[in-house]
Amino acid sequence: MMIRLPRKWQRVCVCTMCAAVCVCILFTIQKAVVLHTALGRASVTHPKHKEPLVLNNIQYKGDTYSLHTVTLLGEDVGLVDHVTGLGRMIDWHDYQFMNNESQRHGPGEHGVAVGKTEADFPDGQQLYKKHGINIALSNIISLDRSIKDLRDPYCGVRVYYENLPNTSVIIPFHNEGLSVLLRTVHSVVNRTPAKLLAEIILVDDASTVADLGSVLDVHVERYGSKVKVLRSSERLGLVGARLLGASDARGEVLLFLDSHCEAGVNWLPPLLERIARHKRRVVMPMIDVIDQTNLQLSVQPGGVLRGAFSWDFLYKRIPITKEEKTRRAHHTDAFRNICVETLMIWGRQTGLLMCC
């Protein structure tokens, strides 16, 4: 039985509820006081500079950094960055590998477009229609192909903490082109510091393509326990396949990738540092484009944009707010976004993972 209160008491109840909400908001704001803790200074010799750099994780002025941690009002309310135990800050770039890549030659090397379309290959159009990418062209490009550094130049001199957590990279796939899938694996292994890569888990979501069976198994044997394949006998879907991989993972951080992407230069340390500072963060990198026809690498169109969903739940990319641009000390700093995908971009678009 519903009891209907007189209008006077209805107004009293509404006012009481509003007052309670205001008290909660004020309490939250009071707890979200901007914290600033000076942690001293550190230095390291950077390969591009003769003199040691004074490191700074937040502000950058010439070659001088001011090392500190800060929780900003409105960002991760109640989450305070933890840097104790993360060690000194170092340059994670593998310059020997980068130099070796710069000397490579061949189709698609350095992310250059190959002047062949699917029509130039036997069964090329059929494969393109099946996979949504020029598989015939992918098959003649090295699985270890070099890529150009598409990052902002300043990313090349940024440094990150030494003691970062390791990660399990989980890659679900269903009837993916074998060479595209393997190039994803090779790029992650080649461009990820060994100490940060606990494992790569390939989750076969009931694929029916023969090459994704024993041929794939034999190929990944070269990596030993670093790469393994989990197989589902029934379709789980994208989320189900991710959960299957997560249930078997042993890394400290779970990282989900599409099966048709390539890891960029020094892509992982910037992501892991944000999580190392606070484990409740979910982060994602900039994702540049691999053209599905000629496999050319190109910068993400539109520059730095944030993710959002439209009312019909379609993924959109929209500009960063003016407030967020003002908040960041440098244009290569991470930015906040209430709509994030865990290191993923939804849809069929292939991508180059880039972060700094």
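Criteria and thresholds
Residues numbered from 1 in each chain as written. Predicted model: local features only at pLDDT ≥ 70, side-chain atom pairs only at ≥ 80, totals over all residues. Heavy atoms only, no water. Helix = DSSP H or I, 4+ residues; strand = E, 2+ residues; numbered from the N terminus. Buried < 20%, exposed > 50% of the residue type's maximum accessible area, 1.4 Å probe, protein only. Contact = heavy atoms within 4.5 Å. Areas by Shrake-Rupley, 256 points an atom, 1.4 Å probe, with all protein chains shown as cover. pLDDT = per-residue confidence, 0-100. Core = buried A, V, L, I, M, F, W, Y, C linked by side-chain atoms within 4.5 Å. Salt bridge = Lys/Arg side-chain N within 4 Å of Asp/Glu carboxyl O. Expected span 1.5 Å × (residues − 1). Pairing = 2+ DSSP bridges. Axes fitted to C-alpha atoms, helices over the stretch in contact; angles between N-to-C directions.

*Asks:* Sorry if this is basic, but what is going on with the overall build of the chain here?
*Replies:* When its secondary structure is counted, the chain shows nine helices and 18 strands. Residues classed as buried in the chain amount to 45% of the 356 residues present. A separation of at least 24 residues holds for 76% of the contacts in the chain among residues at least 6 apart in sequence. For the chain, the exposed area adds up to about 19,200 Å²; of that, 58% sits on carbon and sulfur atoms.

*Asks:* Explain the confidence of the model for the chain here, please?
*Replies:* As a general rule, the predicted coordinates of low-pLDDT regions are not to be interpreted in detail. The predicted model of the chain averages 77 in pLDDT, with 72% of residues at 70 or higher. Of all secondary-structure elements in the chain, the lowest mean pLDDT belongs to strand 1 (residues 35-38), at 26, while strand 10 (residues 197-205) reaches the highest, 98.

*Asks:* What am I meant to see in the side chain of Arg158 here?
*Replies:* Looking at the element boundaries, Arg158 is found in the loop between helix 4 (135-138) and strand 8 (160-161). Judged by its relative accessible area of 9%, Arg158 falls in the buried class.

*Asks:* Quick question: what am I supposed to make of the nonpolar core here?
*Replies:* Taken as a class, soluble globular proteins show a tendency for nonpolar side chains to be buried jointly. Val169, Val188, Ile200, Leu202, Leu216, Leu257 and Trp267 are the most contacted members of the largest nonpolar core, which has 37 residues in total. Element by element, the count of residues in this core is highest for helix 5 (residues 178-190), at five residues. Core analysis: the second largest hydrophobic core is formed by 13 residues, Ile141, Ile147, Ile290 and Leu297 among them.

*Asks:* Any chance you could explain the pattern of salt bridges here in plain terms?
*Replies:* Pairing between side chains of opposite charge can happen when the charged atoms of each approach one another. The full count for this structure, using the stated rule, is 15 salt bridges. Note that Asp333 and Arg158 form a salt bridge whose closest N and O atoms lie 2.9 Å from each other. On the criterion of sequence distance, the pair formed by Asp333 in the loop between helix 9 (322-327) and strand 18 (351-354) and Arg158 in the loop between helix 4 and strand 8 is long-range, its members being 175 residues apart. A salt bridge links Arg250 to Glu199; its shortest N-O distance comes to 3.3 Å. Separated by 51 residues along the polypeptide, Arg250 in the loop between helix 7 (237-248) and strand 12 (253-256) and Glu199 in strand 10 bring together distant segments of the chain. Using a relative accessible area of 53% as the deciding quantity, one classes Arg250 as exposed. By sharing partners, the salt bridges in this structure join Glu199, Lys228, Asp248 and Arg250 into a single network.

*Asks:* Would you mind going over helix 5 with me for this structure?
*Replies:* Note that an α-helix has 3.6 residues per turn; residues three or four places apart therefore point the same way. With 13 residues, helix 5 ought to run about 18 Å at 1.5 Å a step, and its terminal C-alpha atoms sit 18 Å apart, in line with that. Of all 13 residues in helix 5, 11 are buried; the element is thus mostly enclosed. Burial in helix 5 covers these residues: Leu178, Ser179, Val180, Leu181, Leu182, Arg183, Thr184, Val185, His186, Ser187 and Val188.

*Asks:* Any chance you could explain the sheet that holds strand 9 (residues 167-173) here in plain terms?
*Replies:* Backbone-to-backbone hydrogen bonds pair the strands of a sheet. The strands run either parallel or antiparallel. Taken together, four strands build an open sheet; the order of strands is 11-10-9-12 and the sheet is parallel. The outermost strands of the open sheet, each flanked by one partner alone, are strand 11 (227-232) and strand 12. In this sheet, neighbouring strand axes are inclined to one another by 25 degrees on average, regardless of whether the strands run parallel or antiparallel. The sheet contact formed by strand 9 and strand 10 spans seven bridges and is parallel. The residue of strand 10 that forms the bridge with Phe173 is Asp204. Here helix 7 sits on the sheet in contact with strand 9, strand 10, strand 11 and strand 12, set at roughly 140 degrees to strand 10.

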